[in-house]
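Descriptive analysis of the structure
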Amino acid sequence: MKSRKRLIFWCSLLGLILAMTIFSDLLATQPVNEMDLDSVYSPPGEGHLLGTDHLGRDVFSRLVQGGKVTLAVAGLSVALSFVIGVIYGGISGYAGGWTDSVMMRILEALISIPSLIFVLAFQAVMQGGMWGMTFIIGVTGWFTTARIIRSEFIRLKDAEYVKMAKMFGTPVWSILTGHLLRNSLPPLLVVTIFNLAGAVFIEVSLSFLGIGIPPSIPSWGNMLYNAQNDLLIGAWWIGVFPGLLIFLTILSINFIGEALKKSGRGRFHA
Amino acid sequence: MTVKWIGKRMMLGVLVLFIVSFLSFFIMHASPGSSATAYYGGNAQTLTAAEKERISKAFALDRPLPVQYGAWLKQAVQGNLGMSAGVGRPVASILGERLPNTLLLFGVSMFFIIIGSIWLGMTAGMRPGSLLDRGLSAFSIASSSIPAFWLGILFIYLFAVTLGVLPSSGTGSLGGDGGFVDKMKHLIMPASVVVLTHVGLYARFLQESVKAELGSYYVMAARANGVMEREIRRGVLRNAFIPYLNYLGVTIPSFFGGSVIVESLFAWSGLGQLLVRSVMVKDYPLLMGGIMLTGLIVVISLFVIDVLMYMLDPKLRKGELGG
Amino acid sequence: MLEAIGLSVKINGIPVVKDSSFFIPEGKITAVIGESGSGKSMTVAALLRMLPVDAQAYGEICFMGTDLLKATDEEMAVLRKRKFFTIFQDALNSFNPSVKMDRQLYAFSAGRVGDDQDSFQKKMKAILGKLNLSSEILNQYPFELSGGMLQRCMIACALYVKPALLIADEPTSALDKVVQKEFLKWLRLLNESGTTVLIITHDLDVVADAADEMIVMRKGEIVETGAVADILARPTHEYTKRLLDSRF
């Protein structure tokens, strides 16, 4: 009962953040890139709810618009890695035998390589815009999904009802989607939620380092790019608010993931 | 069976290095401009024709791609990673200068993470229902949700700007003697950020496996027979440690990824900072070399963990889990 | 030696043992027989005070003048260490998989009575020899031994400490018939050296083979008690009769 309340709390918090970014066009008081060089570094207060940055841009407006970018990149990339992971893991798990062992060896090796290394490598050769980022995070984030899907498929494909379906000549495609995939959804959901947190992490980290989303597009990570310098001159609001929002977003995603993992513990054995 | 296990783990390491090398080679050739230019480093103008000829021959630049890959791999294994495009010096020697710093940060933070998480996880796991037991998972989730670089920024603001007790960045003070104490002072902040954002995660893992062990059949049998609690705990810890080590191995790659960011934030002149910088200035040979070296470090770390697991887990040693 | 008066066990408020009273005479082998779910294992857990956290015991269990249900944790720890020895059903899982047998056997036997390593080695090897176990097993890990061997190791520890009361919870159900017979033989051996034995089983053969006294349990209640020979010859309760009939 208590854990249920907690889940609702974190879901509403995440929902609030999401709503804020979805309706960012209504909420934003200034255009994101409108510079006002007369009021650079003005602290939170009148006119600028959360102050302005070193170019006099409104922090609050950039924050809500930036959230849209960050969450869109994270969400789309997770969708991409979901698809890749399900296909790779599904083939591996359903085919079994040699195909499976070769695919698993490769996967094991891929998991052993820091994904940030992949991201850096891709980022070096691609001209990374928003779509580029989404693509990069997506194609480097599917490893765990594939592993979970594979072990679920292996577990499920010997289940009685799947054998029955096969016997009755149900097409492979409908066995895969109707039986195997549908029954793998609970653990898949958990890992996808954690992937989402990871994707937000990567976007903000790379943009913070200046090798992510181009500076012209506001994202939570980008907003922090200058925060270090801003802090040195005492403009704490530029760094604190985006950081806090990133923290709360990842925190609520993680808590939701934990709650779901716990509620389905019996099934989550991968 | 044991031999099979070792073989499997070795094969994994080789495969990792192969993929990493392939990735590096791919970067080199997908990069804009002639690949030969990339091999010359930033010295395309100053190199003599003979030198260019020598490089072209060593890397088989006039041959098909697979042959080039082989030639490049052969050079890489011998330690010739080419010339940095930005600095015009051999990549290997630049990496050599950076490596000790990365290993220092990695080693020190890993040391404190392991010590801290063992202590926290053990204490929490052994006392079910205690404040620590209940608080640890919340702490773990919260601490691992903080972006390391943001915590770092807050630290810099607090300890370097406001309190002025620690240097804000770098590996040593400008004009300092470059001595041990100075370096340690610079290490404190990056290391604490890495430790704080990771220790909870590992502690919680150990806590949960200690709890699972405490609920196991053999603990009940031992308790029913009045076996000394100290003896029981010893056995429980030993068993809880095996999955903990495994978890350590599984997470080392992402741990490495995290340190890239921390190094860049604190301008800690290690491999991570080098990687980020070479992406920014598109110094491909340097990036390739850095990626190769990172891959190698990860493979070696995984190997060390495998050896430890092997020593700790008799089932592995006796080949029970060979398959 | 041990007497339960009005013992009840409830799990989350649902009774699994109902108002049971029985007596375990000193120096005898007493068997509690019943199907799974009859409450026999919960009875043992109650007298060892090792009930699951959501279970609660009521009534009185007297052992040598102490009420086990009211004893402090320290008193219980002392009793488990000095007076009882308990053998569980699953011998394979009764030992820690990653600790060598000598260390574990030491903890289960010499560690309890306070013997040093030398006398442990000497005495244990002699007992193992008697049980047809090579002393090499001391250098092995539990997963390298079979269930029967591990159950014999448990008996070896019991023989080592010669407890006042040996409790064996379904000790033979994981063993095959031949090993089971041997196990019961050693149980009697231990009994002859002065240990009172309480054996929990669902197997009437075990009762007929080894026990002097028996207690029949069904659905949390004791339906019949008495000497094994009497009950086997003249069962009074319907359930006992059916139990005897189903035996081939």
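Values in this document were obtained by computation on a predicted structure and should not be read as measured data. Counting from 1, residues in each chain are numbered in the order their sequence is written. Starting at A for chains and at 1 for ligands, labels are handed out in the order in which the entities are written. Predicted model: local features are reported for residues with pLDDT of at least 70 only, side-chain atom pairs are reported and counted for 80 or more only, and whole-chain, interface and lining totals are derived from all residues. The basis for every side-chain value is the complete set of heavy atoms in the structure, and neither hydrogens nor water enter the calculation.

Some points on the overall build of chain A
Under the DSSP-based scheme used, a helix requires at least four consecutive residues in state H or I and a strand at least two consecutive residues in state E, with every element numbered from the N terminus. Counting its secondary structure elements, chain A contains twelve helices and zero strands. Helices (α) and strands (β) of chain A occur, in sequence order from the N terminus, as α-α-α-α-α-α-α-α-α-α-α-α. The C-alpha extent of chain A, read off along each of the three principal axes, is 75 × 50 × 30 Å. Note on exposure labels: buried denotes an accessible area under 20% of the residue type's maximum, exposed denotes more than 50%, and partly exposed covers the range between, all computed with a 1.4 Å probe on protein chains only. A burial count over chain A gives 51% of its 270 residues as buried. Working rule for contacts: check all heavy atoms of both residues, and any pair within 4.5 Å makes them a contact. In chain A, of all internal contacts separated by at least 6 residues, the share reaching a separation of at least 24 is 70%. Total accessible area on chain A stands at roughly 12,100 Å², and carbon and sulfur atoms take up 69% of it. Computed over 19 positive and 15 negative side-chain charges, the separation of the two mean positions in chain A equals 19 Å. Only the protein chains shown count as cover for residues, and all accessible areas are computed by the Shrake-Rupley method using a 1.4 Å probe. The charged-residue count follows a simple rule in which Lys and Arg add positive charge and Asp and Glu add negative charge, with His and chain termini not counted at all. Throughout, a charge is located at the NZ atom of Lys, the CZ atom of Arg, the CG atom of Asp or the CD atom of Glu.

Side note on the sheet that holds strand β7 (residues 165-169) of chain C
All names here are of chain C. The pairing criterion is simple: DSSP has to find at least two bridges between the two strands. The six strands lie next to each other as β6-β7-β8-β3-β9-β10, forming an open sheet whose pairing is mixed. This sheet does not close on itself; its edge strands, each paired only once, are β6 (84-87) and β10 (221-227). Neighbour-to-neighbour, the strand axes of the sheet open up by a mean angle of 15°, direction not taken into account. Packing of helix α6 (residues 147-161) onto the sheet brings it into contact with β6 and β7, and relative to β6 it is tilted by some 175°. Fitted lines through C-alpha atoms give the axes, limited to the stretch in contact for helices. The angle between two N-to-C directions lies from 0 to 180 degrees. Running at roughly 105° to strand β9 (residues 213-218), helix α10 (residues 238-245) makes contact with β3 (29-33), β9 and β10 of the sheet.

Things to note about the confidence of the model for chain B
pLDDT expresses, on a scale from 0 to 100, how confident the predictor is about each individual residue. Confidence in the prediction for chain B averages 84 pLDDT; 91% of positions are at 70 or higher. Mean pLDDT values for the elements of chain B range from 62 in helix α2 (residues 35-40) of chain B up to 92 in helix α5 (residues 91-126) of chain B.

A short note on a positive patch on the surface
Each patch groups residues whose relative accessible area exceeds 30% and which form no salt bridge, using 9 Å between like charges and 5 Å between nonpolar side chains of Val, Leu, Ile, Met, Phe, Trp and Tyr. What counts as a salt bridge is simple: a side-chain nitrogen of Lys or Arg found within 4 Å of a carboxyl oxygen of Asp or Glu. A contiguous patch of positive charge, built from Lys2, Arg6 and Lys262 of chain A together with Arg134 of chain B, is present on the exposed surface. With respect to the element layout, lysine 262 of chain A can be found in helix α12 (residues 236-263). Of the residues examined, lysine 262 of chain A reaches a relative accessible area of 52% and is grouped as exposed.

Let's talk about the interface of chain C and chain B
Taken together, the contacts link 23 residues of chain C with 22 residues of chain B. The buried area of a pairing is the accessible area, by a 1.4 Å probe, that goes missing from both parts when the two are put together, added over both. Summed over both sides, the interface of chain C with chain B buries roughly 2,100 Å², with 60% coming from carbon and sulfur. Of all residues in chain C, Ser98, Arg103 and Phe143 of chain C bury the most surface against chain B, accounting for 26% of the area lost on that side. The tally of links between chain C and chain B comes to one salt bridge. Counting of polar contacts relies on pairs of N or O atoms within 3.5 Å, with two restrictions inside protein: one atom must be capable of donating a hydrogen and the other of accepting it, and residues adjacent in sequence are counted only when both atoms are side-chain atoms. Our count for the chain C to chain B interface comes out at eleven residue pairs in polar contact (both at pLDDT 80 or more). Here the side of chain C that touches chain B takes three residues from helix α3 (residues 101-108) of chain C, the largest share from any one element. For this classification, the nonpolar set comprises Ala, Val, Leu, Ile, Met, Phe, Trp, Tyr, Cys and Pro, the charged set comprises Asp, Glu, Lys and Arg, and every other residue, Gly included, is treated as polar. For the side of chain C that touches chain B, a count of residues per class yields eleven nonpolar, six polar and six charged.

Focus on the packing of helix α9 (residues 217-224) of chain B against helix α10 (residues 229-265) of chain B
All names here are of chain B. One can describe the packing of α9 onto α10 by two numbers: an axis separation of 10 Å at closest approach and a directional angle of 170°. Our classification of the angle between α9 and α10 gives roughly antiparallel. Where α9 approaches α10, its residues Tyr218, Val219, Ala222 and Arg223 are matched on the opposing element by Glu229, Ile232, Gly235, Val236 and Asn239. Here the contact of α9 with α10 is built from residues that sort into five nonpolar, two polar and two charged. Here is the rule for angles: anything less than 35 degrees is roughly parallel, anything more than 145 is roughly antiparallel, 65 through 115 is roughly perpendicular, and the remaining ranges are oblique.

A word on the pattern of salt bridges
Residue and element names in this part refer to chain C. In the structure shown here, the tally under the stated rule is 21 salt bridges over all chains. The partner of arginine 49 in a salt bridge is aspartate 73, with the nearest N and O atoms 3.0 Å apart. With arginine 49 in the loop between α1 (40-48) and β4 (55-63) and aspartate 73 in helix α2 (residues 73-82), this residue pair connects regions lying 24 residues apart in the sequence. By relative accessible area, aspartate 73 is classed as exposed at 56%.

Considering the confidence of the model for chain A
All names here are of chain A. Per-residue confidence for chain A gives a mean pLDDT of 84, with 93% of residues at or over 70. The weakest mean pLDDT in chain A belongs to helix α2 (residues 24-27) at 74; the strongest belongs to helix α3 (residues 59-95) at 91. Below a pLDDT of 50 lies the segment residues 266-270, which in the model reaches twelve contacts outside its immediate sequence neighbourhood of four places, other chains included.

Focus: the pairing of β6 of chain C
Residues and elements named next belong to chain C. Along β6, one buried face is formed by Phe84 and Thr86 and the opposite face, lined by Phe85 and Ile87, is buried too. As paired elements, β6 and β7 share four bridges and run parallel to each other. Bridge pairing in β7 places phenylalanine 85 opposite leucine 166.

With respect to α3 of chain A
Each helix should span, by expectation, one fewer than its residue count multiplied by 1.5 Å. In a regular helix each residue adds 1.5 Å, so 37 residues correspond to 54 Å; α3 of chain A covers 52 Å between its end C-alpha atoms and thus fits that length. Backbone geometry just downstream of α3 of chain A places glycine 96 of chain A in the positive-phi region, at approximately 70°.

Some points on the packing of helix α9 (residues 172-209) of chain A against helix α7 (residues 148-162) of chain B
In the contact formed by α9 of chain A and α7 of chain B, the axes pass within 9 Å of each other and the chain directions differ by 50°. The angle between α9 of chain A and α7 of chain B falls in the class oblique. Between α9 of chain A and α7 of chain B, the contacting residues are Phe201, Val204, Ser205 and Phe208 of chain A on the first element and Ala148, Phe149 and Ile153 of chain B on the second. Here the residues of the contact of α9 of chain A with α7 of chain B are counted per class, giving six nonpolar, one polar and no charged.

A word on the nonpolar core
The nonpolar core is taken to be a set of buried Ala, Val, Leu, Ile, Met, Phe, Trp, Tyr and Cys residues, with the residues joined through side-chain atoms within 4.5 Å. Counting residues in each nonpolar core, the largest one holds 202 residues, and the members touching the most others are Trp220 of chain A, Phe149 of chain B together with Leu105 of chain C. Per-element tally for this core: the top contributor is α10 of chain B, with 15 residues. If you look at the next biggest cluster of nonpolar residues, it comprises 33 residues, including Met1, Leu79, Phe84 and Ala164 of chain C.

Points about helix α1 (residues 2-22) of chain A
Residue and element names in this part refer to chain A. With 21 residues, α1 extends 30 Å from end C-alpha to end C-alpha; this agrees with the ideal 30 Å at 1.5 Å per step. Considered for burial, the residues of α1 that qualify are Trp10, Leu13, Leu14, Ile17 and Thr21. Looking straight down α1, one finds that the buried residues subtend no more than 85° of arc, so they occupy a single side. Seen from the buried face of α1, the exposed residues on the opposite side, beyond 90 degrees, are Arg4, Lys5, Leu16 and Ile22. Buried residues along α1 sit against α2, α3, α10 (220-223) and α12. Think of the arc as the fan of directions from the helix axis to the C-beta atoms.

Focus: unusual backbone geometry
At lysine 282 of chain B, a residue that is not glycine, the phi angle is positive and equals roughly 55°. Inspection of the secondary structure puts lysine 282 of chain B in the loop between α11 (271-280) and α12 (284-312). Within the chain, lysine 162 of chain C stands out as a residue other than glycine whose phi angle is a positive 45°. Its place among the elements puts lysine 162 of chain C in the loop between α6 and β7.

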